[in-house]
Amino acid sequence: MDLKFSNSRKYVSISVSSKAHAMSPHIKSIDDIVVLGINLSKFNKPTQFFICVTGVFVFYLIYGYLQELIFSMEGFKPFGWYLTLVQFGFYSVFGLIELQLIQDKRRRIPGKTYMIIAFLTVGTMGLSNTSLGYLNYPTQVIFKCCKLIPVMLGGVFIQGKRYNIADVSAAVCMSLGLIWFTLADSTVAPNFNLTGVVLISLALCADAVIGNVQEKAMKMHNASNSEMVLYSYSIGFVYILLGLTCTTGLSPAVAFCSKHPVQTYGYAFLFSLTGYFGISFVLALIKIFGALLAVTVTTGRKAMTIVLSFIFFAKPFTFQYVWSALLVVLGIFLNVYSKNMDKIKLPSLYGLLNKKMENRKTRTLAQTV
C-alpha cells in the first residue's frame, strides 16, 4: 500500500499485484485441497497421508475385484476398449457433479495440456483394460508392478527431478518384491500372449508419464482434482468414441452389453464409481506428496490385493510370499526414509566403525589403568 500526500488534499492509492487476479475469491488458501468434500488442507501432513492412503486402498481394492469380475464373464474379453469408454463416460459425469458442488468452477489448466493428459489417460487405462483380454490378471499385475522405475525416469526427464539412492533402492525393492510375490500366482495358469505383453507395456509407459505431467500441471495452475478428472476423462471419452467408430468396434460391444445389462453396465457403474473415488485420492497424493510417493502407495495397494486374494481364496503357501513381502516392506521404509531424512537419522557405516574403535580404546585404557 502506497500513501501519497499533497498540499490540497490527502489521498491513498492501493496497488494490487497482478497475481492476485488469478486466484478465486472463494479459495481461502492456494494450498486448499478438497477430496470428496473433505478439505485436506485443515489436517497436518501425516493425517493427510493417512486419509489418502486409506482412500486409495479401500476403493482400489474394490475396483480391482470388479475389474476381474467383469472380464471373467464369458464373451466379454474382446470389449476392453468399450469398457474403458463406459468408464470414461461415468468419470466425466462424476467429475461434472463434483465440480458443480465447489464454488470455483473455472478451468485453470490450458486445453492443450488437457488434450495431452487425456491421450495419456486413454493409453494407460484403455490399453490396461484391453490387455486383460489376452493376459490373466496376475500376469498383468507383474507388469504393472514395474511402474515405479518408469515414473522416476519420467520425473527426471519431464520435471528435471533428481532422486537419491534411497528412492532408487525403494523402487527396485518394491518392484522385485511384488514381481516375486505375484510369480507364484502367475505360474498357476500362465497365459503369456505377445499382443497382451505389448499392450500392457505401452500402458506402463503412458502410466509412467501421466503422473509427472499431472503433478506439474496441477502445481503450476493450482487446479482442483474435480477439474482434472472432468476435462481429462471427457476429452478421453471423445478420443475412444472416435476410435471405436472408425474401427467398427462400437456396434458389437453395444449389442453384447445390451444382452447382459446388469453384468456389464451395472458392474461398470460400480467399477467406475470406486475408480473415480480412488483416482481422487491418487490425485491428492500427487499434488501433496509428488508422483513417486503416489505410485509407491498404489504399488503397495497391489501387494495388498494379492494378500487378500491369498487369504480369501485357497492357494498353496510358500515362503516365497514371506521374502517378497519383506522386500516390499523394505521398499516402503526406504521411500519414507528418503522423504524424512532430516527427522530419521540412521547411523552411517563410518559412524558405527568409529564408535566401535572408540569403545575399544576405552576398554584398552581401562585395562591399562
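Note that the coordinates shown come from a computational prediction; the quantities given were computed from them, not determined experimentally. (Residues numbered from 1 in each chain as written. Predicted model: local features only at pLDDT ≥ 70, side-chain atom pairs only at ≥ 80, totals over all residues. Heavy atoms only, no water.)

Draft legend 1. Spotlight on the overall build of the chain. If you tally the helices and strands in the chain, you get 13 helices and four strands. Residue burial in the chain is summarised as follows: out of 369 residues, 43% are buried. Within the chain, contacts between residues separated by at least 24 positions form 85% of all contacts whose residues are at least 6 apart in sequence. Just so you have it, the chain exposes about 20000 Å², and 68% of that area is on carbon and sulfur atoms. (Helix = DSSP H or I, 4+ residues; strand = E, 2+ residues; numbered from the N terminus. Buried < 20%, exposed > 50% of the residue type's maximum accessible area, 1.4 Å probe, protein only. Contact = heavy atoms within 4.5 Å. Areas by Shrake-Rupley, 256 points an atom, 1.4 Å probe, with all protein chains shown as cover.)

Draft legend 2. Local environment of the packing of helix α3 (residues 111-131) against helix α7 (residues 194-221). One can describe the packing of α3 onto α7 by two numbers: an axis separation of 8 Å at closest approach and a directional angle of 150°. Crossing of α3 over α7 shows left-handed handedness. When α3 is examined against α7, the residues T113, I117, L120, T121, G123, T124, L127, S128, T130 and S131 are found in contact with a partner set consisting of G196, L199, I200, L202, A203, A206, D207, V209, I210, V213, Q214 and A217. Within the contact of α3 with α7, the residues separate by chemical class into 12 nonpolar, nine polar and one charged. (Axes fitted to C-alpha atoms, helices over the stretch in contact; angles between N-to-C directions. Left-handed = near helix turned anticlockwise from the far one by under 90°. Nonpolar A, V, L, I, M, F, W, Y, C, P; charged D, E, K, R; others polar.)

Draft legend 3. Structural detail: the nonpolar core. Within the largest apolar cluster, 56 residues are counted, with the highest numbers of intra-cluster contacts made by L40, F76 and Y82. Taken together, the elements giving at least two residues each to this core come down to α1 (45-71), α2 (80-101), α3, α7, α8 (225-246), α9 (250-259), α10 (261-289) and α11 (291-312). The element contributing the most residues to this core is α10, with 11 residues. Dropping the residues within four chain positions of it, L40 is found in contact with I33, V35, Q48, I51, C52, A284 and I288. (Core = buried A, V, L, I, M, F, W, Y, C linked by side-chain atoms within 4.5 Å.)

Draft legend 4. Region of the structure containing the environment of L202. Locating L202 in the fold gives a position in helix α7. With relative accessibility at 46%, the residue L202 sits in the partly exposed group. L202 sits 75 residues away from L127 along the chain, and the two C-alpha atoms are 7.2 Å apart.

Draft legend 5. Up close: the confidence of the model for the chain. For the chain, per-residue confidence averages 75 on the pLDDT scale, and residues scoring 70 or more make up 71% of the total. Least confident of the elements in the chain is strand β2 (residues 10-13), whose mean pLDDT is 40; most confident is α9, at 90. The low-confidence segment residues 1-30, where pLDDT is below 50, has 24 contacts with residues more than four positions distant or belonging to other chains. (pLDDT = per-residue confidence, 0-100.)

Draft legend 6. A nonpolar patch on the surface, seen in detail. A cluster of nonpolar side chains, I149, L153, F157, I165, V168, V172 and L176, forms an exposed patch at the surface whose accessible area comes to about 690 Å². Broken down by secondary-structure element, the contributors of at least two residues to the nonpolar patch are α5 (148-158) and α6 (165-186). With four residues, the single largest contributor to the nonpolar patch is α6. With respect to the helices, strands and loops of the structure, L176 is situated in helix α6. (Patch = residues over 30% accessible without salt bridge, like charges linked within 9 Å, V, L, I, M, F, W, Y side chains within 5 Å. Salt bridge = Lys/Arg side-chain N within 4 Å of Asp/Glu carboxyl O.)

Draft legend 7. Summary view of the side chain of S131. For S131, the location among the structural elements is in helix α3. Within the structure, the side chain of S131 is placed 2.6 Å from the backbone oxygen of S128, a separation counted as a polar contact. Setting aside residues no more than four positions away along its own chain, S131 makes contact with Q140, G196, L199 and I200. (Polar contact = N/O pair within 3.5 Å; in protein donor to acceptor, adjacent residues only side chain to side chain.)

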